[in-house]
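# Observations on chain architecture
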Amino acid sequence: MSAAAARPRSWLLAAGLLLAALAPAAARDAAPEVPPQVDTVTTGGEWRTARDGGVLRIVIVHQGFEHVHSRLWLEWLASGERGPARRVARVLVKELSGGMNVLAVDERARTFEGPRIRLRSTHSYSHETSNIVIEAGAPGRYQLLEQPSR
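This text gives an overview of the structure that appears in the document. (Residues numbered from 1 in each chain as written. Predicted model: local features only at pLDDT ≥ 70, side-chain atom pairs only at ≥ 80, totals over all residues. Heavy atoms only, no water.)

## Observations regarding the side chain of Thr40
- Relative to the helices and strands, Thr40 resides in strand 1 (residues 38–48).
- Separated by 2.8 Å, the side chains of Thr40 and Asp39 make a polar contact.
- Excluding residues within four positions of it along the chain, Thr40 makes contact with Ile58, Val59, Ile60 and Val105. (Helix = DSSP H or I, 4+ residues; strand = E, 2+ residues; numbered from the N terminus. Polar contact = N/O pair within 3.5 Å; in protein donor to acceptor, adjacent residues only side chain to side chain. Contact = heavy atoms within 4.5 Å.)

Next up, the structure:
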């Protein structure tokens, strides 16, 4: 191989190594991908068991076009002393994800109070609003204390 042919290859090798070195830094600075259907992600409150504890997170996804409706996920995050928080459990709140209500964080009230979560619901057709209160239990368990009228 001639010296003239080796120079472009050396340059390509150097450029490739530089890009490989920069890629992890760019990945660290990039925000996680959030699908466009996700309307709300919020964290707060707390949950406790005899062995573990942490904070709660809700994820509200809007679906549909003319008559939008929501799906709600409840997540339990363990806050460890060593390392970042980790998700212990995630459940779809089926009672509120049936296709007739649009869920939202109520700007007039605290969303999280200990293990309780307060949301607002607007019926997709009648536009009637109601309060929702969910009480989170051990990871993966919850109870609806107040739910939207049907």
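## Thoughts on the pairing of strand 9 (residues 142–146)
- In the sheet, strand 8 (residues 129–136) pairs with strand 9 via four bridges, with the strands oriented antiparallel. Note on strand 9: the bridge partner recorded for Glu135 is Gln143.
- In textbook terms, the turn of a hairpin is the stretch between consecutive antiparallel strands, and for strand 8 and strand 9 this stretch comprises five residues, one of which, Gly140, has a positive phi near 90°. (Pairing = 2+ DSSP bridges.)

## Thoughts on the nonpolar core
- Counting residues in each nonpolar core, the largest one holds 20 residues, and the members touching the most others are Leu72, Leu74 and Ile134.
- For this core, the secondary structure elements donating two or more residues are strand 2 (53–63), strand 3 (69–78), strand 4 (86–92), strand 7 (116–123) and strand 8.
- Looking at this core, the element that brings in the most residues is strand 3, giving four residues.
- Ignoring anything within four residues of it in the chain, the contact list for Leu74 reads Leu56, Arg57, Ile58, Ala89, Arg90, Val91, Val93, Ile117, Ile134, Ala136 and Tyr142. (Core = buried A, V, L, I, M, F, W, Y, C linked by side-chain atoms within 4.5 Å. Buried < 20%, exposed > 50% of the residue type's maximum accessible area, 1.4 Å probe, protein only.)

## Brief notes about the pattern of salt bridges
- A complete count under the given rule lists seven salt bridges for this structure.
- Between Arg57 and Glu75 there is a salt bridge, with its nearest N and O atoms 2.5 Å apart. With Arg57 in strand 2 and Glu75 in strand 3, this residue pair connects regions lying 18 residues apart in the sequence.
- For Arg57, a relative accessible area of 23% puts it in the partly exposed group.
- The exposure class assigned to Glu75 is buried, which follows from its relative accessible area of 3%.
- For Glu75, the salt bridge goes to Arg87, with nearest N and O atoms at 3.7 Å. Here Glu75 is found in strand 3, whereas its partner Arg87 is found in strand 4, with 12 residues between them in sequence. (Salt bridge = Lys/Arg side-chain N within 4 Å of Asp/Glu carboxyl O.)

## What to know about the sheet that holds strand 3
- Read across the open sheet, the four strands follow the order 1-2-3-4; overall the sheet is antiparallel. Two strands lie at the open edges of the sheet, namely strand 1 and strand 4, each paired on one side alone. Strand after strand, the sheet turns through a mean of 25° between neighbouring axes, direction not considered.
- Sheet analysis places strand 1 next to strand 2, joined by eight bridges and oriented antiparallel. Looking at the pairing, Arg48 lines up with Gly53 of strand 2. (Axes fitted to C-alpha atoms, helices over the stretch in contact; angles between N-to-C directions.)

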